Amino acid sequence: MQLSFNRTNKEIDEAIDSLIGKAGGVHHQELVREMIVSALKAGQDTDYLADLKLLSNTMKEMRYTNKVFSPYRHRTKVTIFGSARTEPQEEAYQKCVRFSRLLADKGYMIITGGGPGIMQAGNEGAGSESSFAVNIRLPFEQAPNPFMLANPRLITYKYFFNRKVAFVKEADAIAVFPGGFGTLDEAMEVFTLIQTGKTSPKPLVLIDDDDGYWEQWFIFIKERMLGRGFISAEDFSIFTITRSEKEAVKVIEDFYRNYHSLRFVNRRLIIRLNKELSRANIDELEKEFPELHNSGTKIVSTAPLQEEQDEPDLLDLPRIALQFDHQHYGLLMAFIGRINMF
């Protein structure tokens, strides 16, 4: 029988509905039904055991990720990347300890990879009660650090891609200290996700060392990537480089000074705010960012749309709406920065 996501599977649909009912307490049952149908279709489509194992383990890991993070959904979190080989006596390690401690004192929670080096520094500064560790099984370098060992917010992944989802999906900001291939891989993925709109806008802070690790990287980006047209000048709005942990914390706090969050509804970009903008403020935004909204359209204040009723805790926030072309995400980051000045 060829299964369908539409309700045309007759007795199979009835059996799935019965199973969901017997399980009890299942939220958003129609989505869960689709997941069950997906699993059945995968079993029909694939006889290669390794592929089915990958699908099964991925589902298990993501389910457990949601379980661990769900109780802290309304806490602001910062993901910290950096080298596993940074030693505690090094200045970068101590800077990370100070940085994460400053954030924890302000009520933030910290997400690290749970291993040694910069990851350990982030958990040390925040303390285990304000920390998550999303670890990965590796033959070296990646045993849980002593601050997260046996912590209920320690998750150990088999797959890097599930781990990366957790790092970005659960974070309200990303901080990157100097590191090796893994650190650059994580940082570049965040650049790409923000640049292409595949994750919500969030501050990305590159925290430099005394040797100018990120300054040297910036020279390469400017000369080799911007200079050859591989990126646009607006993409420099995606990140901030600083040597100061206090400035890094301020960058994160300032990003949410007035900007709260955004959502796309059909072709409209809805930006939710902490305080309302005046018509004069909106007029300034239109003049300063004409490329951001489609020609012939305006930026307008709006009440919550019907499609936003599934987020009742956000309905009281003021909003602006615009027709966004889904291209200028670097410019969108600059736009958010300007909103935060009002």
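Look up a bit, the structure's there.
Let me begin by describing the structure that accompanies this report. Remember, predicted model here, so these are calculated numbers, not experimental data.

### Focus: the packing of helix H3 (residues 49-69) against helix H6 (residues 160-169)
Taken N-terminus to C-terminus, the directions of H3 and H6 make an angle of 25 degrees; their axes are 10 Å apart at the nearest point. Taken as axis vectors, H3 and H6 run roughly parallel relative to one another. In this structure, H3 meets H6 at a crossing whose hand is right-handed. Contact with H3, carried on its side by Leu54, Asn57, Thr58, Glu61, Met62, Thr65, Asn66 and Phe69, involves Phe161, Asn162, Val165, Ala166 and Lys169 of H6 and no other residues of that element. Class assignment of the residues belonging to the contact of H3 with H6 gives a composition of 6 nonpolar, 5 polar and 2 charged.

### Some thoughts on the side chain of Thr242
Within the secondary structure layout, Thr242 lies in strand S7 (residues 239-242). Residue Thr242 is classed as buried on the basis of its relative accessible area of 4%. One polar contact links the side chain of Thr242 to the main-chain amide nitrogen of Ser244, over a distance of 3.0 Å.

### Points about the packing of aromatic side chains
A full pass over the atoms with the stated rule returns 19 aromatic pairs. Their ring planes at 70 degrees and their centres at 5.3 Å tell us that Phe191 and Phe239 sit as a pair that is edge-to-face. In this pair, Phe191 is assigned in helix H7 (residues 181-195) and Phe239 in strand S7, connecting sequence segments 48 residues apart. The pair Phe191 / Phe239 is uniform in exposure class, with both members buried. Among the aromatic residues, those joined into a cluster by ring pairs are Phe191, Tyr213, Trp214, Trp217, Phe218, Phe236 and Phe239. For Lys41, the ring lying beneath its charged end belongs to Phe5, and the centroid distance is 5.5 Å.

### Points about the side chain of Arg319
Secondary-structure assignment places Arg319 in strand S11 (residues 319-323). Residue classification places Arg319 among the buried positions, given a relative accessible area of 3%. Side-chain polar atoms of Arg319 contact the backbone oxygen of Leu317, separated by 2.6 Å. Among residues more than four places away in sequence, those in contact with Arg319 are Ile270, Ile271, Arg272, Val300, Ser301, Thr302, Ala303, Pro304, Glu308 and Leu314.

### Digging into the sheet that holds strand S2 (residues 109-112)
Across the sheet, which stays open at both edges, the 7 strands sit in the order S4-S3-S2-S1-S5-S6-S7 with parallel pairing between neighbours. The two strands at the open ends of the sheet, each matched to only one other strand, are strand S4 (154-157) and S7. Put simply, the sheet's adjacent strands are angled 20 degrees from each other on average, direction ignored. Here S2 pairs with strand S3 (residues 131-136) via 3 bridges, running parallel. Each bridged residue has a counterpart across the sheet, and for Thr112 the counterpart in S3 is Ala133. Relative to the sheet, helix H4 (residues 91-105) contacts strand S1 (77-81), S2, strand S5 (173-176) and strand S6 (204-207), its axis offset from that of S1 by approximately 175 degrees.

### Observations regarding helix H2 (residues 29-45)
With 17 residues, H2 extends 24 Å between its outermost C-alpha atoms, agreeing within 8% with the 24 Å of an ideal straight helix rising 1.5 Å per residue. For H2, every residue scored as buried is listed here: Val32, Arg33, Val37, Lys41 and Ala42. Buried-residue contacts for H2 involve helix H1 (11-23) and H3.

### Quick word on the pattern of salt bridges
Overall, the coordinates contain 25 salt bridges when judged by the stated rule. Between Lys106 and Glu253 there is a salt bridge, with the nearest N and O atoms lying 3.6 Å from each other. Residue Lys106 is found in the loop between H4 and S2, and its partner Glu253 is found in helix H9 (residues 245-255); the two are separated by 147 residues along the sequence. Glu253 sits in the partly exposed class, given a relative accessible area of 31%. In this structure, Glu215 and Arg243 form a salt bridge, with 3.2 Å as the shortest nitrogen-oxygen distance. Pair noted here: Glu215 is in helix H8 (residues 213-226) and Arg243 is in the loop between S7 and H9, with a separation of 28 residues, a long-range link. Classification of Arg243 as partly exposed rests on a relative accessible area of 35%. When salt bridges with common partners are traced through the structure, they connect Arg263, Arg272, Glu308, Asp310, Glu311 and Arg319 into a single cluster.

### What about the pairing of strand S9 (residues 268-273)?
Of all 6 residues in S9, 5 are buried; the element is thus mostly enclosed. Note: strand S8 (residues 259-265) against S9, 6 bridges, orientation antiparallel. Among the inter-strand pairings, Arg263 is bridged to a residue of S9, identified as Ile270. Counted between consecutive antiparallel strands, the loop separating S8 from S9 contains 2 residues, among which Asn266 sits at a positive phi close to 55 degrees. Bridge count between S9 and S11: 5 bridges; the pairing is antiparallel.

Conventions adopted
- Residues numbered from 1 in each chain as written.
- Predicted model: local features only at pLDDT ≥ 70, side-chain atom pairs only at ≥ 80, totals over all residues.
- Heavy atoms only, no water.
- Axes fitted to C-alpha atoms, helices over the stretch in contact; angles between N-to-C directions.
- Helix = DSSP H or I, 4+ residues; strand = E, 2+ residues; numbered from the N terminus.
- Parallel < 35°, antiparallel > 145°, perpendicular 65-115°, else oblique.
- Left-handed = near helix turned anticlockwise from the far one by under 90°.
- Contact = heavy atoms within 4.5 Å.
- Nonpolar A, V, L, I, M, F, W, Y, C, P; charged D, E, K, R; others polar.
- Buried < 20%, exposed > 50% of the residue type's maximum accessible area, 1.4 Å probe, protein only.
- Polar contact = N/O pair within 3.5 Å; in protein donor to acceptor, adjacent residues only side chain to side chain.
- Phe/Tyr/Trp six-rings, centres within 6.5 Å; stacked < 30°, edge-to-face > 60°.
- Lys NZ or Arg CZ within 6 Å of the ring centre and 35° of its normal.
- Pairing = 2+ DSSP bridges.
- Expected span 1.5 Å × (residues − 1).
- Salt bridge = Lys/Arg side-chain N within 4 Å of Asp/Glu carboxyl O.

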